[in-house]
Number of protein chains: 2
Amino acid sequence: MQWVVNEVGRKIPREVGGRRLIPYRGPFVTPPQSERKYGPKLYHISRPGQQKVLHSIEEAIRRVGLKDGMTISFHHHFRNGDRVMNMVLETIERMGYKNITIAPSSLFPCQEEVLLRCLSKGVVTHIEGGGLRGKIGRYVSHGNLKEPVRIRSHGGRVRAIEAGELHIDVAFIGAPTADEMGNLTGLYGPSACGPLSYSVADAMYADRVIAITDNLVPFPLDRFSISMEYVDYVVVVDKIGNPEDIVFGSLKITSSPTRLKIAKDAVQLAYEAGYVKEGFTFQAGAGGISLAFVNFLAELMREKGIRARWANGGTTSYLVDLLREGLVDYLSTGQAFDLTAIDSMRVDKNHLEISIGYYANPHNKGTLVNLLDLAVLGATEVDVNFNVNTVTYSSGFLAEPIGGHSDVAAGSKFTILTVPLIRGRFPTVVDEVTTVVTPGETVDAVVTERGIAINPRREDVLEALEGTSLPIKEIEELRREAYRITGGKKKPPWGEKIVALVEYRDGTILDVVKEVKV
Amino acid sequence: MQWVVNEVGRKIPREVGGRRLIPYRGPFVTPPQSERKYGPKLYHISRPGQQKVLHSIEEAIRRVGLKDGMTISFHHHFRNGDRVMNMVLETIERMGYKNITIAPSSLFPCQEEVLLRCLSKGVVTHIEGGGLRGKIGRYVSHGNLKEPVRIRSHGGRVRAIEAGELHIDVAFIGAPTADEMGNLTGLYGPSACGPLSYSVADAMYADRVIAITDNLVPFPLDRFSISMEYVDYVVVVDKIGNPEDIVFGSLKITSSPTRLKIAKDAVQLAYEAGYVKEGFTFQAGAGGISLAFVNFLAELMREKGIRARWANGGTTSYLVDLLREGLVDYLSTGQAFDLTAIDSMRVDKNHLEISIGYYANPHNKGTLVNLLDLAVLGATEVDVNFNVNTVTYSSGFLAEPIGGHSDVAAGSKFTILTVPLIRGRFPTVVDEVTTVVTPGETVDAVVTERGIAINPRREDVLEALEGTSLPIKEIEELRREAYRITGGKKKPPWGEKIVALVEYRDGTILDVVKEVKV
């Protein structure tokens, strides 16, 4: 195997499985590799009297002509309450399909049991895309798949679909409300999940599209996220998801004094650096620190009389509160993290649903992430070059999703990483991250409970912070402290086999993840 | 030249200008000729700090790299109040461009002066698409263009764009409101024109897109018809259109007793034939008879206690009244014909803006026209085979647009043509229409002041009408009467040169229009 070292210093093979890999060269350097967007299949002939409504997934699968070896896709708006992917996998398992590739926008524990069984039986043999949590992460990390998984950011996934690099034969779209012609929305219905943003690209570019709903309404649906122009069939089932399980992971403000301090310092940093000012824009994730950040930020805004022009979700009740209080003019949401967010999308006029392409596709003519002033993101590790890992643990296992991390970091004017210096007995600030997911060039500051490091590229920020009380340190100093407490970072127990490729949002390769030998 | 006779009996050349022509075979017979949709150019790289706002059309044209021989497109939502096309043509004229093809969704008299000058100077040398009214119609009919114009229906235009048959290099979109990133809407602003439906396909498939606005607002526009994902530049000018001139042509209920009788009989016919019943759907155009039809239909609905599920525009205040009265549950609009319609789109929750693809693209997975129960359409001529002409006069000149005529006729369960038997000294019901625009197979009834003819294919309708008081006649009888009064129809004074090809919505060729030798 021939290797080449990329711009973040990682060794990348020249090709994998006969497909040439392009090493990462910088956040805005590599142009699209194809000249044109993928041209999806043209529909045959649209006739009056067309009947799209079916009553079994099996019949829909038969009608669209699913074949062994094809790629099927799913959205993750239901997060840990999704029932659609399990229903579809169980159906194709029963129908005897083999060698199916799944291309979900993310995966959750609720899907582990069925998916692992399908993997073990050869029903599913490949996974395209991110969100390799828990047991699925371990399964992949143990080298059980023949081909490496391509880990893509949210924006990168849309880019890959649009460029034809991720070809979807059949997209399955869980739709909380559908009319008989296949106009779809996630805002209404007993299983309302909020936006259908992840499925917009799937609907537009998949050859065939099957909507699955538990709330069929008469045509016309007056407010839809996906148009009937793209939907082949609408399957009606009893229940597509459990909205109460959309709340998944750390969706509460941290109560840890350490983490509260990090959040508070991050707000102070953003303010002193000049990014919290009248009309600013921001995105903060849904982790405990990020939520605390939002609260402290709101306090500061009230105190200083500052309003934000807009904030972008993953949206929680914390952001909705800011909107309703008038601290934020507009809220945009590509993913709802709780039921308050979903309700707000229905009732608050200045709460916008946006597609993931609109949010972050780097080869669009304009994306929301590029308009962010301020972003607050988490990580599993960050290194002295500010490179960030969100997908593997120091153990070497794939365990967390990438989300929109690299998209937001690339777009935002000021990107703050908030991390506790150590997690258990592992250092978070390290010499070299296990896996590079977001290039250091796009990260401006690292805030820990033991100090704040500013990326030396940001001389302007360092200058702005002179004379403030913020505990600014060299990142190397933070690393030393983390190593002193924990004893340092060990190399992950990796073998030779490549189990995943981390694709940067522009399609270049940032890093490889190898098989864990345990 | 080799010729072949198509399904409506018209002689079609096997090819024109080296491009093979497919003769029309039936309304739902010919599948797409390409397997895939056109893949438009991928954008280079989307960067933070991107500035889309420009202050001159000239600069935008220079930046997108317009070249001699390219195709540029326009929408016609401003109808006779459009200023955008003239501004753009004057700019490219001044910049010295040659051999430009224009692909407007329609043309209006307000554009004649500038367009004819550009045509005479070779700035513009070809026109793709419909709406060849007045002086432009005459110019084309006199054989002044080198290549024949392709006359397409609204749905056919979207199909052709999507299939890559109508390639647009640069789309110009007059946008009554735009934010700095190029999110566009026609609903708001001093020059509000209603929907931007005709431009949706142009935006999605053109290589480059220039929005022109007189109302720039800060990002984010919370309700947009076209996303920033597709827009390269936003040019700010003083005024893009005169909304008061959107009202163009016969937008008043006819006062002619003859035409009122036609409208009244058409309502009675629709009712007796069983198409006016609880939950039905309909579309009626904007001519004087159609508007009277809507009023008489409303009277009938009130009297019988019938509600329609939805009606589709071109929307006028008459339809808005029905919506507000609750006679119609939903109104969908791809084109606003007056200011009341525009206002209603802003304030009435159950008034939907729909794209023209959603409305009528025959190669979509679903279109609105296919869900119509009832349609009322006009014509310049109809013949004894129920074939309809909307584009030429008996004089042989191109003079009127095609609009969505053939789309609606193909989709609607019951299509009524309402025409006075004669117009001036010309018969309207004829042996053979000058030009076939809508195949007789898709037309169910012709209503004139001297009687109603039912397409003999519709035995079910003839049966349903037995015993009613409606003046049902053979269409041949209507033809004879029209000829008796007028002295008959003369052949148009046509030479040999083909000046236009009438393309059916599926891309096949229905008819040819030849040069007028006068």
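Residues numbered from 1 in each chain as written. Chains lettered and ligands numbered in written order. Predicted model: local features only at pLDDT ≥ 70, side-chain atom pairs only at ≥ 80, totals over all residues. Heavy atoms only, no water.

Looking now at the side chain of Thr442 of chain B. Residue and element names in this part refer to chain B. The residue Thr442 is located in the loop between β26 (429–430) and β27 (445–448) in this model. Exposure remark for Thr442: the relative accessible area of 5% places this residue in the buried category. A polar atom in the side chain of Thr442 sits 2.8 Å from the backbone oxygen of Pro439. Leave out the neighbours within four places in its chain, and Thr442 touches Pro27, Ala409, Ala410, Thr415 and Tyr504. (Helix = DSSP H or I, 4+ residues; strand = E, 2+ residues; numbered from the N terminus. Buried < 20%, exposed > 50% of the residue type's maximum accessible area, 1.4 Å probe, protein only. Polar contact = N/O pair within 3.5 Å; in protein donor to acceptor, adjacent residues only side chain to side chain. Contact = heavy atoms within 4.5 Å.)

Our next topic: the confidence of the model for chain A. For chain A, per-residue confidence averages 96 on the pLDDT scale, and 100% of positions sit at 70 or higher. In the predicted complex, the global pTM is 0.97; the interface-specific ipTM is 0.96. (pLDDT = per-residue confidence, 0-100.)

Residue and element names in this part refer to chain A. Two elements in contact, helix α2 (residues 84–95) and helix α3 (residues 112–120), have axes whose closest approach is 9 Å; the angle formed by their N-to-C orientations is 25 degrees. Between α2 and α3, the angle falls in the class roughly parallel. The hand of the α2/α3 crossing is left-handed. Here Met85, Asn86, Leu89, Glu90 and Glu93 of α2 lie close against α3, whose contacting residues are Val114, Leu115, Arg117 and Cys118. In terms of residue class, the contact of α2 with α3 is made up of five nonpolar, one polar and three charged. (Axes fitted to C-alpha atoms, helices over the stretch in contact; angles between N-to-C directions. Parallel < 35°, antiparallel > 145°, perpendicular 65-115°, else oblique. Left-handed = near helix turned anticlockwise from the far one by under 90°. Nonpolar A, V, L, I, M, F, W, Y, C, P; charged D, E, K, R; others polar.)

Before going further, it helps to spend a moment on the environment of Ile454 of chain B. Residue and element names in this part refer to chain B. Inspection of the secondary structure puts Ile454 in strand β28 (residues 451–454). For Ile454 and Leu465, which are eleven residues apart along the polypeptide, the C-alpha to C-alpha distance reads 9.8 Å. When neighbours within four sequence positions are excluded, Ile454 is seen to be in contact with Leu269, Phe386, Asp444, Ala445, Val461, Leu462, Leu465, Ile472 and Lys473.

Residues and elements named next belong to chain A. Relative to the assigned elements, Ala409 resides in helix α12 (residues 405–411). Residues Ala409 and Val369, spaced 40 residues apart in sequence, show a C-alpha to C-alpha distance of 8.2 Å. Sequence-distant contacts of Ala409, that is, excluding residues within four places in its chain, are made with Leu377, Thr415, Thr438 and Thr442.

If you walk through the whole model with that rule in mind, you get 73 salt bridges over all chains. One salt bridge in this structure joins Arg458 of chain A and Asp444 of chain A, with 3.1 Å as the shortest N-O distance. One end of the pair, Arg458 of chain A, is in the loop between β28 (451–454) and α13 (459–465); the other, Asp444 of chain A, is in the loop between β26 (429–430) and β27 (445–448), and 14 residues separate them in sequence. The two residues Arg458 of chain A and Asp444 of chain A agree in class, both being buried. The shortest N-O distance in the salt bridge between Arg324 of chain B and Asp348 of chain B comes to 2.9 Å. (Salt bridge = Lys/Arg side-chain N within 4 Å of Asp/Glu carboxyl O.)

The relation between the two chain copies is a rotation about an axis coupled with a shift along that axis. Rotating chain A by 180 degrees and translating it 0.0 Å along the rotation axis places it on chain B, where the RMSD comes to 0.0 Å. Such a turn and shift between the copies fits a two-fold axis. When C-alpha distances to the rotation axis are compared across chain A, the minimum falls at Gly39 of chain A, with a value of 2.2 Å. When you check the interface residues of chain A against chain B, 100% turn up at the interface there too, and the contact is symmetric in its surfaces. (Least-squares fit on C-alpha atoms with pLDDT ≥ 70 in both.)

Residues and elements named next belong to chain B. Spatially, the seven strands line up as an open sheet ordered β5-β15-β13-β10-β6-β7-β8, and their pairing is parallel. The open sheet has two edge strands, β5 (53–54) and β8 (124–127), and neither has a second partner. Alignment of strand β7 (residues 100–104) against β8, held across three bridges, turns out to be parallel. Looking at β8, one finds that Thr101 is bridged to His126. Docked against the sheet, helix α2 (residues 84–95) engages β6 (71–74), β7, β8, β10 (170–175) and β13 (208–213), running at close to 155 degrees with respect to β6. (Pairing = 2+ DSSP bridges.)

With that settled, the discussion passes to the sheet that holds strand β31 (residues 509–516) of chain B. Adjacent strands of a sheet pair through backbone hydrogen bonds, lying either parallel or antiparallel. Residue and element names in this part refer to chain B. Spatially, the three strands line up as an open sheet ordered β9-β30-β31, and their pairing is mixed. Here the strands that pair on one side only, and so sit at the sheet edges, are β9 (149–151) and β31. Neighbour-to-neighbour, the strand axes of the sheet open up by a mean angle of 40 degrees, direction not taken into account. One ladder, built from three bridges, connects β9 with strand β30 (residues 494–503); its direction is parallel. Directly across from Ile151, in β30, lies its bridge partner Val502.

What follows covers the domain arrangement of chain A. Residue and element names in this part refer to chain A. The assigned domain composition of chain A is domain 1 (52–128 + 166–246) and domain 2 (257–516). A straight line from the C-alpha centre of domain 1 to that of domain 2 covers 30 Å. For the domain 1 and domain 2 pair, buried surface summed over both sides reaches about 1300 Å², with 57% attributable to carbon and sulfur atoms. When residues of domain 1 are sorted by the area they lose upon contact with domain 2, Leu187, Pro195 and Ser197 head the list and together hold 34% of the total. Our enumeration of links across domain 1 and domain 2 arrives at zero salt bridges. (Domains from an automatic or database assignment. Buried area = accessible area lost by both parts, 1.4 Å probe.)

All names here are of chain A. The final tally for this structure, using the stated rule, is zero disulfides over all chains. Among the cysteines around Cys193, which has no disulfide bond, Cys110 carries the closest sulfur, lying 13 Å off. A relative accessible area of 0% places Cys193 in the buried class. (Disulfide = S-S within 2.5 Å.)

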